Amino acid sequence: MEITSQDFKAVSGAKLKDEKLQKALFQAKDGFVVSRAKVIKDLDNFETIRQAASDVRDHCLAHLDEYLEAWESQAKASGTVVHWAESYEELNALVVKIAQDNQVKKIIKSKSMVGEETGLNKYVEGHGIEVKETDLGEYIIQQAGEYPSHIIAPATHKSKEDVSDLFAEKHQRPRLEDAEKLTHEAREILRPHFLDADMGITGANFMIAETGSTVIVTNEGNGRMTTTMPRVHVAISSIEKCIPTLDDFALMMRLLPRSATGQVISNYVSMTTGPKREGDHDGPEEFHVIILDVGRTRVLGSELRDALRCIRCGACMNHCPVYQNVGGHAYGWVYPGPIGSVLTPAYNGIENAIDLPNAATLCNQCGVVCPVKIPLPDLMRKLREKQYEKDLKSKTEKWSIKLWAYLAVRPKLYSIVTRVMARAGKMLGGSSGQIKTMIFAAQEWTKHRDLPTPRGRTFRDIYVNNKKVNKR
Amino acid sequence: MSARENILSRIRSANKVGEIRDAIGGAVEDRLTTHPASPLPDLTWNDTERFKQRCEDAASTLDEISQMDDVPEAVSRYLTENNLPTSLVCWPEFKKLLWSKSNVEAEIRSALGDDKVGVTGSYCAVAETGTLVLLSGQEHHATTSLLPETHIAVVRRNRIVKTMEEAWQLIRSEVGSLPRQVAFISGPSRTADIEMTLVYGAHGPFRVHVIIVDS
């Protein structure tokens, strides 16, 4: 997918003014945040389990080559054809080759974020093969010609009215206004495609080294359909999705649905090991898995490696005050929110997503809810440091930091300057106690809000004074 | 070098074998063969009660009967009460049951796109989450629990295990290697992709009815 993260400021400005989007984001926030909070209470030792999951992910990443080799040998033993891809083009070309080798005309697809990364649909369609997204959210945005704004709720930016208009136009049927009726119309439209598609493409939430299996976690059942009905199944995944054992998978499943949708478990957890067996009545004749490495090994060898623990639940974005206000599209690539602010520059080059690591208050809501304890604010801070080292910061910001650094290492001067500024600030605010306009870089702040004035005394003064008082 | 070799070698150098790897530790071979357990939550509930509670939470309906021979009657009762069609497809394990006596027309075959009711057994069930565990195989048509609008699953009470970990243990000791698909099913198909409104029957069944059998 093409990256447009450099437009973050302009796009997020527009998103903030988009009333429909604001309503949709508000609804989604309520749904995700509240239901997660309720359902984690169901585990008496949530934090212990969270730490264990984080440790398992770390252990697996430290031995990733060995686990991938173990996974591959088990997968091959059960008849899976394993492919590796080092670029988006390579993965896309492999999919098309498998399709052409099997005379595939129609593909049904269960949602895959790796597929979004590689721009798979467009590529496959370019080779004259029809692709139908089947996850309702993905189906909606495919019909609308858009891309997902959230990793687990791809059409969360769309209102019901949007979907009503879209379906009426695309399905050429009377306009429906009820979410249930719209969902069932999509079911009716998609059912024949499940039955006559030649090939199914899914992602993989996990690859289990112990058994050579891939797993997909869904609520709609489209994932199970996609892995069961067509005669060829291709799962696309990336190297970091590997976990050691079935027991480790059970551990992850206590966290993933709870963190993602606030469910104890998702409705359908489908674990696939190889193609149709002798005597089976259903299942694909061929099962291919393509394992991607674009950016992953680079991140593994960098100070951002903790980000690879991610199990793609979306909790960080659901809880992020920035995401909650601007939505996913503003981030300009596949992964929005805090994890996107780390992965987007990490995979695409930090010069292509300058604003993202800065579009965070570092409030650590994301770090607190992450089921595998990724220290997202720390990673964003590391990216900010990298931007400074690489000379990618604006002149104003660089000079401000230099000036601050100069003062910070000169305590006496610092004390004088802050004292002067505190008093001047108090005077500037006058009786209202608010500064309405500031100059230079600071005007950005007062453009949208007032700045409460300092009370006239610095923290240091108050601290020293209190110490004296306490001594007495 | 192939993509595979390139990727594996990049992983090795990224992990700087001997540094990060040793610092984090843990032997791969050992973990894969002993699959150590992770910390579990409190599991001191009654398994059947917990299973029933969780099934209801996941919007499944429940029935309890004392013996396998009563399955057709229970199925018939459920279908009639809910104004559902009384012709169905079921797994071969229910072949010998006297369906016609309960006015149900049962066929032993894979489900097709327009079958309305599918009856399956279950390998086991997980109490912690109210989950049915179905293994694919010669006697276990996967489409039966997937294509029809109504899925009725028969669960033997003594096959209700506490956790997914216990289900894996059972599969390891009884089945050995995994079948093509292990399907964990927890309630009817659903989506909330339109304005977070919960709707049942997205692509799979609209309703799941669980019949717990004593013997």
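Everything quoted here is computed from the prediction, not taken from an experiment. (Residues numbered from 1 in each chain as written. Chains lettered and ligands numbered in written order. Predicted model: local features only at pLDDT ≥ 70, side-chain atom pairs only at ≥ 80, totals over all residues. Heavy atoms only, no water.)

Draft legend 1. Examining the overall build of chain A more closely. Each helix and strand counted, chain A has 22 helices and 12 strands in total. Overall size of chain A, expressed as C-alpha extent along the three principal axes, is 90 × 55 × 45 Å. Nonlocal contacts in chain A, meaning residues at least 24 apart in sequence, comprise 74% of its contacts between residues at least 6 apart. In the form shown here, chain A has an accessible surface area of approximately 19,700 Å², with 54% of it arising from carbon and sulfur atoms. Of the side-chain charges in chain A, 64 are positive and 60 negative, and the distance between the mean point of each set is 13 Å. (Helix = DSSP H or I, 4+ residues; strand = E, 2+ residues; numbered from the N terminus. Contact = heavy atoms within 4.5 Å. Areas by Shrake-Rupley, 256 points an atom, 1.4 Å probe, with all protein chains shown as cover. Lys, Arg positive; Asp, Glu negative; His and termini not counted. Charge placed at Lys NZ, Arg CZ, Asp CG, Glu CD.)

Draft legend 2. Geometry of the packing of aromatic side chains. Residue and element names in this part refer to chain A. Throughout the structure, instances matching the rule amount to 7 aromatic pairs over all chains. Considering the side-chain rings of Phe459 and Tyr463, the 5.9 Å spacing of their centres and the 25 degrees angle between planes classify their relative orientation as stacked. One end of the pair is Phe459 and the other is Tyr463, both in helix H22 (residues 459-471) and 4 residues apart, which spans about a single turn. Taking relative accessible area as the criterion, Phe459 reaches 65% and is therefore assigned exposed. Of the aromatic side chains, those joined through ring pairs into one cluster are Trp333, Tyr335 and Tyr347. The ring of Tyr335 carries the charged tip of Arg312 above its face, separated from the ring centre by 4.6 Å. (Phe/Tyr/Trp six-rings, centres within 6.5 Å; stacked < 30°, edge-to-face > 60°. Buried < 20%, exposed > 50% of the residue type's maximum accessible area, 1.4 Å probe, protein only. Lys NZ or Arg CZ within 6 Å of the ring centre and 35° of its normal.)

Draft legend 3. A look at the environment of His151(B). Residues and elements named next belong to chain B. Within the secondary structure layout, His151 lies in strand E7 (residues 150-156). Distance in space between the C-alpha atoms of His151 and Glu174 is 26 Å, their sequence separation being 23 residues. Leave out the neighbours within four places in its chain, and His151 touches Gly118, Thr120, Leu132, Leu134, Ser145, Ile185, Pro205, Arg207, Val208 and His209. Of note is the side chain of His151, whose polar atom sits 2.8 Å from the side chain of Thr120. (Polar contact = N/O pair within 3.5 Å; in protein donor to acceptor, adjacent residues only side chain to side chain.)

Draft legend 4. Region of interest: the interface of chain A and chain B. With 104 residues of chain A at the contact, the number on the chain B side is 75 residues. Taken together, both faces of the contact between chain A and chain B bury some 7,600 Å²; the carbon and sulfur share is 56%. By the criterion of area lost to chain B, the three top residues of chain A are Arg187(A), Arg224(A) and Asp247(A), representing 10% of everything that side buries. In this structure, the connection of chain A to chain B is made through 11 salt bridges. Between Asp42(A) and Arg54(B) there is a salt bridge; the shortest N-O distance is 2.8 Å. Remark: the boundary between chain A and chain B carries 54 residue pairs in polar contact (both at pLDDT 80 or more). For the side of chain A that touches chain B, the leading source of residues is helix H10 (residues 179-196) of chain A, giving 10 residues. (Buried area = accessible area lost by both parts, 1.4 Å probe. Salt bridge = Lys/Arg side-chain N within 4 Å of Asp/Glu carboxyl O.)

Draft legend 5. Up close: the environment of Ile435(A). By secondary structure assignment, the location of Ile435(A) is in strand E11 (residues 434-435). Residues Ile435(A) and Ala330(A), spaced 105 residues apart in sequence, show a C-alpha to C-alpha distance of 30 Å.

Draft legend 6. Expanded view of the domain arrangement of chain B. Taken as a whole, chain B is organised into domain 1 (1-36) and domain 2 (45-213). One C-alpha centre belongs to domain 1 of chain B, the other to domain 2 of chain B, and the line joining them spans 40 Å. (Domains from an automatic or database assignment.)

Draft legend 7. Examining H10(A) more closely. All names here are of chain A. Given a rise of 1.5 Å per residue, 18 residues ought to cover 26 Å, and the 27 Å separating the end C-alpha atoms of H10 matches this to within 8%. Restricting attention to buried positions, one finds in H10 the residues Ala179, Leu182, Thr183, His184, Glu185, Ala186, Arg187, Leu190, Arg191, His193 and Phe194. A side-chain oxygen of the first residue of H10 lies 3.1 Å from the backbone nitrogen of Glu180; this N-cap is Asp178. (Expected span 1.5 Å × (residues − 1).)

Draft legend 8. Seen up close, the layout of surface pockets. Residues and elements named next belong to chain A. The volume enclosed by the largest pocket comes to roughly 1,600 Å³. In terms of lining residues, the largest pocket is bounded by 40 residues, among which Lys9, Asn358, Glu397, Ala441 and Glu444 are the most central. Every element with two or more residues in the lining of the largest pocket is listed here: helix H1 (8-17), helix H15 (323-326), helix H18 (376-389), helix H19 (395-408), helix H20 (411-429) and helix H21 (443-448). When residues in the lining of the largest pocket are grouped by element, the largest group, 8 residues, is from H19. Its residues placed into classes, the lining of the largest pocket shows 21 nonpolar, 10 polar and 9 charged. Three or more residues apiece are contributed to the lining of the largest pocket by two domains, here domain 1 (1-42 + 308-393) and domain 3 (395-471). (1 Å grid on protein atoms, 1.4 Å probe; cavity = no way out; pocket = protein on both sides within 12 Å on 5 of 7 lines; lining within 4 Å. Points joined across faces, edges and corners; volume = space filled by probe spheres on them. Nonpolar A, V, L, I, M, F, W, Y, C, P; charged D, E, K, R; others polar.)

Draft legend 9. Representation of the domain arrangement of chain A within the structure. If you check the domain split of chain A, you get domain 1 (1-42 + 308-393), domain 2 (65-294) and domain 3 (395-471). On a C-alpha basis, the centres of domain 1 of chain A and domain 3 of chain A stand 30 Å from each other.

Draft legend 10. Quick look at the sheet that holds E7(B). Residue and element names in this part refer to chain B. Strand order in the open sheet formed by 6 strands is E1-E12-E7-E4-E2-E3, and the pairing between neighbours is parallel. Each end of this open sheet is capped by a strand with a single partner; those strands are strand E1 (61-65) and strand E3 (105-108). When strand polarity is set aside, the average angle formed by the axes of neighbouring strands in this sheet is 25 degrees. Relative to strand E12 (residues 207-213), E1 runs parallel, the two sharing 5 bridges. Within E12, the residue paired with Glu64 across the bridge is Ile212. On top of the sheet, helix H4 (residues 47-57) reaches E1, E7 and E12; it is set at about 165 degrees to E12, its chief contact. Running over the sheet, helix H5 (residues 71-81) touches E1, strand E2 (87-90), strand E4 (117-120), E7 and E12 and is turned about 150 degrees from E1. (Pairing = 2+ DSSP bridges. Axes fitted to C-alpha atoms, helices over the stretch in contact; angles between N-to-C directions.)

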